[in-house]
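Descriptive structure summary
Chain by chain, the residues:
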Amino acid sequence: MSNQSGPLHFGPTYVRAIAPYQAGKPISEVAREFGLEEDAIVKLASNENPFGVPESAKAAMAKAAAELGRYPDANGFELKQALAKRYDVPMEWITLGNGSNDILEIAAHAFVEKGQAVVYSQYSFAVYALATQGIGARHIVVPASNYGHDLDAMLDAIDEDTRLVFIANPNNPTGTFVPGEQIEAFLKKVPANVVVVLDEAYNEFLNEEDQYESAAWVREYPNLLVSRTFSKAYGLAGLRVGFGLAQPALTDLMNRIRQPFNVNSLAQAAAIAALNDSEFLEKSARNNTAGYRQFVEAFEQMGLEYVPSHGNFVLVKMGKDLAAGARVNLALLKQGVIVRPVGNYGLPEWLRISIGLPQENAVLIAALQKALAENRAD
Ligand SMILES: *Cc1c(COP(=O)(O)O)cnc(C)c1O
């Protein structure tokens, strides 16, 4: 018997207060729940690459598999070498992560103390709130402007306790984008003791005219950490590889917090192959541009409001009432189409839909038309 009266609580209050991350439903779960065949299901829920793993990465993994009895290279020498060459930074400026989520978590742990503050935008990536909450830091959530980052307001919101700012560009789940000049103007004004994490998970999908050189800014701004991932355009979401670029003052600290073997051997090998597979990247970007057009035309025909997107997904409004997103989501699941409800982001009227292959997009569009027609009939 414990001598405790009342319910037993473990852990700090700030950990107990964490609302768990809601991931997209896996195909196997939807098949079980709705009695569907797995191969009849279309998943457009987690912004994955619809082409899957590049062949080049599969070959590299097959080769690396022979050495799985050994620990991975804790310093990720070859992958860092390839990244250093690609982004023209010294290898010592790179931190490897178990997905870029890991980079975001490591940054929170490395740069912020319990009680200090983290600034991020309303409707920005859910992991910023989780990483902040997980270290007992104070959240400064800045209202969005047109569903995107309001950098002027974020600058004003920085107080004396603030040590970190998260910016997603493009942003998930809204797909909004802040032009490079505005990001750089922000970097020039941010207090020097505040770390800016520029999360560029969707960078590879940007149009040529929107692209900017964030790796070059890393040379200029000692408080900038650029975060990238192999999960989206490179097609390696299941392997968990991401990386951070920053000067040694930040990178040294991050590598002390980082678990030594956080990126496994298959992931390191696959990432190098994918990084050099420009054909796959171009094919993915082309498919994304075409799929975006396909979606936007259909949404306009259906009279659905959407947020113009710079990523590989679109945020679409399903109705005016707060149950609209959940209702249409259920109607889509019954038809074997998985998308992402975003009620947990404070957007219960909306759904986030990842861009798939043309045929998958067509299935989504037809299923959406059916779901909305039923909705009207009720
Ligand atoms: C998907 C995503 C990530 C990356 O996740 P991984 O951990 O690299 O798979 C990071 N930031 C944003 C905004 C994302 O949407």
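Everything numeric here is computed off the predicted structure, so don't read it as measured data. (Residues numbered from 1 in each chain as written. Predicted model: local features only at pLDDT ≥ 70, side-chain atom pairs only at ≥ 80, totals over all residues. Heavy atoms only, no water.)

Across the two faces of strand β2 (residues 94-97) the burial is the same, with I94 and L96 and T95 and G97 all buried. Note: β2 against strand β8 (residues 242-245), four bridges, orientation antiparallel. Looking at the pairing, I94 lines up with L245 of β8. (Buried < 20%, exposed > 50% of the residue type's maximum accessible area, 1.4 Å probe, protein only. Helix = DSSP H or I, 4+ residues; strand = E, 2+ residues; numbered from the N terminus. Pairing = 2+ DSSP bridges.)

Taken together, the residues surrounding the ligand are G99, S100, N101, F125, N172, D199, A201, Y202, T229, S231, K232 and R240. With respect to the ligand, the side chain of N172 contributes an N or O atom lying 2.7 Å from an oxygen atom. With respect to the ligand, the side chain of Y202 contributes an N or O atom lying 2.5 Å from an oxygen atom. Taking 380 Å² as the accessible area of the ligand by itself, protein coverage stands at 94%. Taken atom by atom, the bulk of the ligand overlaps the largest pocket. (Near = heavy atom within 4 Å. Polar contact = N/O pair within 3.5 Å; in protein donor to acceptor, adjacent residues only side chain to side chain. Areas by Shrake-Rupley, 256 points an atom, 1.4 Å probe, with all protein chains shown as cover. 1 Å grid on protein atoms, 1.4 Å probe; cavity = no way out; pocket = protein on both sides within 12 Å on 5 of 7 lines; lining within 4 Å. Sits in = over half its atoms within 2 Å of the grid points.)

So, about the packing of helix α4 (residues 77-87) against helix α11 (residues 265-275). Running from N to C, α4 and α11 point in directions that differ by 25°, and their axes come no closer than 9 Å. Taken as axis vectors, α4 and α11 run roughly parallel relative to one another. Both α4 and α11 take part in a crossing whose hand is left-handed. Taken together, the residues of α11 that come into contact with α4 (itself represented by E78, L79, A82, L83 and R86) are Q268, A271, I272 and L275. (Axes fitted to C-alpha atoms, helices over the stretch in contact; angles between N-to-C directions. Parallel < 35°, antiparallel > 145°, perpendicular 65-115°, else oblique. Left-handed = near helix turned anticlockwise from the far one by under 90°. Contact = heavy atoms within 4.5 Å.)

Across the sheet, four strands lie side by side as β9-β10-β13-β12; this open sheet has antiparallel pairing. Strand pairing shows two members of the sheet lacking a second neighbour, β9 (306-307) and β12 (340-341), which therefore form its edges. Pairing analysis gives two bridges linking β9 to strand β10 (residues 313-317), with the strands arranged antiparallel. Residue pairing for β10: Y306 is matched across the bridge by V316. Where helix α13 (residues 324-334) meets the sheet, it contacts β12 and β13 (350-354), and its direction lies at approximately 40° from that of β13.

Here we come to the layout of surface pockets. Each pocket or cavity is described by its volume, and for the largest pocket that value is around 450 Å³. Along the wall of the largest pocket there are 27 residues; nearest its centre are Y21, N101, F125, K232 and R240. Examining the composition of the lining of the largest pocket, we find that four residues originate from one element, helix α5 (residues 100-111), more than from any other. Residues that form the lining of the largest pocket fall into these classes: eight nonpolar, ten polar and nine charged. Looking at the lining of the largest pocket, you find at least three residues from each of domain 1 (13-52 + 279-377) and domain 2 (62-276). (Points joined across faces, edges and corners; volume = space filled by probe spheres on them. Nonpolar A, V, L, I, M, F, W, Y, C, P; charged D, E, K, R; others polar. Domains from an automatic or database assignment.)

Here we take up the domain arrangement of the protein. Domain annotation for the protein reports domain 1 (13-52 + 279-377) and domain 2 (62-276). Placing a centre on the C-alpha atoms of domain 1 and another on those of domain 2 gives a separation of 25 Å. Contacts between the two partners involve 30 residues from domain 1 and, on the opposite side, 30 residues from domain 2. Together domain 1 and domain 2 conceal approximately 2,400 Å² of surface at their shared face, both sides included; 67% is due to carbon and sulfur atoms. The largest contributions to the domain 1 side of the interface with domain 2 come from Y14, H310 and Y345, which together make up 29% of the buried area. Here domain 1 is connected to domain 2 by zero salt bridges. Between domain 1 and domain 2 we count six residue pairs in polar contact (both at pLDDT 80 or more) in total. Of all the elements in the fold, those that place two or more residues in the side of domain 1 that touches domain 2 are α12 (278-301), β10 and β13. If one sorts the elements of the side of domain 1 that touches domain 2 by residue count, α12 sits on top with five residues. For the side of domain 1 that touches domain 2, a count of residues per class yields 16 nonpolar, eleven polar and three charged. (Buried area = accessible area lost by both parts, 1.4 Å probe. Salt bridge = Lys/Arg side-chain N within 4 Å of Asp/Glu carboxyl O.)

Here we take up α4. Turning to α4, its buried residues are L79, K80, A82, L83, A84 and Y87. Buried residues along α4 sit in contact with β2, α9 (214-220), β7 (224-229), β8 and α11. Phi turns positive one or two residues past the end of α4, at D88, with a value near 55°.

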